[in-house]
Amino acid sequence: MTQKNNKIPFNEDNYTHNINRNNERKLDRRGFMKTLVGAAGVFAVSSLPWGGVAAKELMGLGNKEYPHKKIVDIKSIPIGHSVDFKFPGEHDDAILIRLTETKYVAYQNACTHLRCPVFWEKEKGEMLCPCHHGKFDVETGAPTAGPPRRPLPEIEVKVEKGAVYAVKVKRYEV
Amino acid sequence: MKCNFHFAALLVILMLNIVFTQKMVHQYYFENYVTAIIYCLLNLVLFPIAFVIYKQDQKKA
């Protein structure tokens, strides 16, 4: 097949058909269609893990309880300040913000656009993702500006014995 | 003139693949797992369809 397609159809002695690249005519119509089918196959295979993980979550295997994790002592976080921590796993970045004397909010701070870290802008009172200027509402985690469309996953916290603990990652309301 | 219908159909399938994948990933992160699985299955179904279209085109040639 390669040879059949690699031939220059007729011999022309002119100045316009003088480019002679190797395998110039290799990608013919059939070959291109084959590529398209292959792409469909790649899409099919690569969507399998997503389906698998989704099925796992549906069956409740993803609902495991994580041990409560101490984030920070109340003493060391003044009102309006934030502190970074990891929850529930070692690689899940999260941020705790103290809004008032008793009110704490915590979110997983991977931006819901492309997973850049989201920072707390104390002066402006908003959460900002510096990559594409996505902004999030600090009270709810809902996106207010920029590309992200999905709220930040909220982490339930509780205050106990002078320290703040992360309890669990809240599910989105259905 | 070859049948361009098959060709166009394959292009449409590729387009749908992209759309379904995008939807699947988003629905997964939105925690709508049933919807995510539906899109995953749609993506899986598209491959045999593409293959059948390709075979039909081969037969015609």
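Notes on the structure in this doc start here.

Quick notes on the rules
- Residues numbered from 1 in each chain as written.
- Chains lettered and ligands numbered in written order.
- Predicted model: local features only at pLDDT ≥ 70, side-chain atom pairs only at ≥ 80, totals over all residues.
- Helix = DSSP H or I, 4+ residues; strand = E, 2+ residues; numbered from the N terminus.
- Buried ≥ 20, exposed ≤ 12 C-beta atoms within 10 Å, placed from the backbone.
- Contact = placed C-beta atoms within 7 Å.
- Nonpolar A, V, L, I, M, F, W, Y, C, P; charged D, E, K, R; others polar.
- Expected span 1.5 Å × (residues − 1).
- Pairing = 2+ DSSP bridges.
- Axes fitted to C-alpha atoms, helices over the stretch in contact; angles between N-to-C directions.

## Notes on the overall build of chain B
Consideration 1: From N to C terminus, chain B includes two helices and zero strands.
Consideration 2: Buried residues in chain B amount to 33% of all 61 residues.

## A closer look at the overall build of chain A
Consideration 1: A tally of helices and strands in chain A yields two helices and 10 strands.
Consideration 2: Going residue by residue from the N terminus, the α and β elements of chain A occur as α-α-β-β-β-β-β-β-β-β-β-β.
Consideration 3: Out of the 174 residues in chain A, the part that is buried amounts to 24%.
Consideration 4: Taking the intrachain contacts of chain A between residues at least 6 apart in sequence as the baseline, contacts between residues at least 24 apart amount to 35%.

## Quick look at the interface of chain A and chain B
Consideration 1: Across the contact, 20 residues belong to chain A and 27 residues belong to chain B.
Consideration 2: Each residue belonging to the side of chain A that touches chain B can be placed in one class, and the counts come to 12 nonpolar, three polar and five charged.

## Some details on helix H2 (residues 29-58) of chain A
Residue pairs spaced three or four apart in an α-helix point in one direction, given the helix's 3.6 residues per turn.
Consideration 1: Under the 1.5 Å per step criterion, the end-to-end length of H2(A) is 43 Å for 30 residues, consistent within 8% with the ideal 44 Å.
Consideration 2: The elements touched by buried residues of H2(A) are helix H1 (4-29) and helix H2 (33-60) of chain B.
Consideration 3: Positioned one or two residues after H2(A), A:Gly60 has a phi angle of 85°, which is positive.

## Description of unusual backbone geometry
Residues and elements named next belong to chain A.
Consideration 1: Look at the link from phenylalanine 87 to proline 88: it is a cis peptide, with omega at -5°.
Consideration 2: With respect to the element layout, proline 88 can be found in the loop between strand S2 (82-86) and strand S3 (93-98).
Consideration 3: Of note, the phi angle at arginine 115 is positive, near 70°, even though the residue is not glycine.
Consideration 4: Since 13 C-beta atoms lie within 10 Å of it, arginine 115 is described here as partly exposed.
Consideration 5: In this model, histidine 133 sits at a positive phi of 55°, which is unusual for a non-glycine residue.
Consideration 6: Position of histidine 133 among the secondary structure elements: in the loop between strand S6 (126-129) and strand S7 (134-136).

## With respect to the sheet that holds strand S5 (residues 119-121) of chain A
What holds strands together in a sheet is hydrogen bonding between their backbones, with the strands either parallel or antiparallel.
Residues and elements named next belong to chain A.
Consideration 1: If you walk across this open sheet you meet the four strands as S5-S6-S7-S8, and the pairing is antiparallel. Two strands in the sheet have a free side with no partner beyond their single neighbour: S5 and strand S8 (143-145). Across the sheet, the axes of successive neighbouring strands diverge by a mean angle of 40°, strand direction being ignored.
Consideration 2: Direction of pairing for S5 relative to S6: antiparallel, over a ladder of three bridges. Residue tryptophan 120 lies in a different strand from S6, and its bridge partner there is methionine 127.

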